[in-house]
Amino acid sequence: MPRASAADAAQTARTILASATDLLAARGFAAVSLDDVAGAAGVTRGAVYHHYRSKAGLFRAVAARLQSEVAEAVVAAAEGAGADPRAQLRAGCHAFLDAITAAPAVRVLLIDAPAVFGWEQWRRLDAENSAVHLREALSDAGVPAGLLDATAAQLSGAMNEAALWIAQQPRGAEARDAAHQVLDRVLAAAVD
């Protein structure tokens, strides 16, 4: 039997990743098996192992892709806010809150990832994506260098907690609106 081309292999990996993302968002890490992912993707379990090595490896790939998508949303919003660094910070933070609370990101990144990875690895993944943009935006908005790391850590924590809170509220639209209003207050204090 001929080997799949590199393009076919890449497409298979993307299909597996998309199927895993959907299943993990719907059911959570503990309730999804590699057989479930293989069945949803229309591939063999061996194909899943070939591309991702293990369930943890597949989860890492899903989380990394979602982190990257959240970071892309933050950057796009900040760039679309004009030249004012404070407006860019505000737009990026609001985009983060919206992107992280969208399915599948909230379940995968905020609920399962800390448990699957542990806090240290979860923080490292966050630092490689959204946190780096937050720190840069805070610096551009005038936060003093000596307060930059503490401000970024506290603002990031506040936004992550707000996202979890939004996800747990039965009236999501009202909760989201309230969280955005409070975020504006927090940001005003952070860059004052």
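Scroll up to find the structure.
A brief structural summary. Here the structure is a predicted model, which is why all the values come from computation and not from measurement.

Digging into empty space enclosed by the protein
Okay, so step 1: Here the structure, examined in full by the defined rule, presents one cavity of 30 Å³ or more.
Okay, so step 2: What the largest cavity holds in volume is close to 50 Å³.
Okay, so step 3: Leu-24, Phe-29, Val-32, Ser-33, Leu-34, Val-37, Lys-55, Leu-58 and Phe-59 together form the lining of the largest cavity.
Okay, so step 4: When contributions to the lining of the largest cavity are tallied by element, the ones reaching two or more residues are α2 (34–41) and α4 (55–79).
Okay, so step 5: Looking at which element gives the most residues to the lining of the largest cavity, the answer is α4, with three residues.
Okay, so step 6: When its residues are assigned to classes, the lining of the largest cavity shows seven nonpolar, one polar and one charged.

Overview of the packing of aromatic side chains
By convention here, two paired aromatic rings are described through the distance between centres and the angle between planes.
Okay, so step 1: Enumeration according to the criterion identifies three aromatic pairs in this entry.
Okay, so step 2: Geometrically, the ring pair formed by Phe-29 and Phe-59 is edge-to-face, given 5.1 Å between the ring centres and 75 degrees between the ring planes. Remark: Phe-59 occurs in helix α4 and Phe-29 occurs in the loop between α1 (6–27) and α2; sequence separation between them is 30 residues. Across this residue pair, the class does not change: Phe-29 and Phe-59 are buried.
Okay, so step 3: Aromatic ring contacts, followed pair by pair, group Phe-29, Phe-59 and Phe-117 into a single cluster.
Okay, so step 4: Between Lys-55 and the ring centre of Phe-29, over which it is positioned, the NZ or CZ distance is 4.3 Å.

Digging into α2
Since the α-helix advances by 3.6 residues per turn, residues separated by three or four positions end up pointing in the same direction.
Okay, so step 1: Those residues of α2 lying buried are Leu-34, Val-37, Ala-38 and Ala-41. Along the long axis of α2, the arc covered by the buried residues comes to 100 degrees, so they all point the same way.
Okay, so step 2: Buried-residue contacts for α2 involve α1, α3 (45–52) and α4.
Okay, so step 3: Two residues or fewer past α2, Gly-42 is found with a positive phi of approximately 75 degrees.

Re the pattern of salt bridges
Okay, so step 1: Going through the model one piece at a time under the given rule, you end up with nine salt bridges.
Okay, so step 2: Across the pair Arg-90 and Asp-184 runs a salt bridge whose closest N-O atoms are separated by 2.7 Å. Of this pair, Arg-90 sits in helix α5 (residues 85–100) while Asp-184 sits in helix α10 (residues 172–190); the two residues are 94 residues apart in sequence, bridging distant segments of the chain.
Okay, so step 3: Note on Arg-90: relative accessible area 41%, which makes it partly exposed.
Okay, so step 4: With a relative accessible area of 26%, Asp-184 lands in the partly exposed category.
Okay, so step 5: The partner of Arg-124 in a salt bridge is Glu-120, with the nearest N and O atoms 3.9 Å apart.

Some details on helix α8 (residues 130–140)
Okay, so step 1: Turning to α8, its buried residues are Ser-130, Leu-134, Ala-137 and Leu-138. What you see down the axis of α8 is that its buried residues fit within an arc of 100 degrees, all on one side.
Okay, so step 2: Check the buried side of α8 and you find it contacts α4, α5, α7 (119–128) and α9 (145–168).
Okay, so step 3: Gly-142 occupies a position one or two residues after α8 and carries a positive phi of about 100 degrees.

Calculation rules
Residues numbered from 1 in each chain as written. Predicted model: local features only at pLDDT ≥ 70, side-chain atom pairs only at ≥ 80, totals over all residues. Heavy atoms only, no water. 1 Å grid on protein atoms, 1.4 Å probe; cavity = no way out; pocket = protein on both sides within 12 Å on 5 of 7 lines; lining within 4 Å. Points joined across faces, edges and corners; volume = space filled by probe spheres on them. Helix = DSSP H or I, 4+ residues; strand = E, 2+ residues; numbered from the N terminus. Nonpolar A, V, L, I, M, F, W, Y, C, P; charged D, E, K, R; others polar. Phe/Tyr/Trp six-rings, centres within 6.5 Å; stacked < 30°, edge-to-face > 60°. Buried < 20%, exposed > 50% of the residue type's maximum accessible area, 1.4 Å probe, protein only. Lys NZ or Arg CZ within 6 Å of the ring centre and 35° of its normal. Arc of directions from axis to C-beta. Contact = heavy atoms within 4.5 Å. Salt bridge = Lys/Arg side-chain N within 4 Å of Asp/Glu carboxyl O.

Fair warning: the whole summary comes from geometry, so function is off the table for now.
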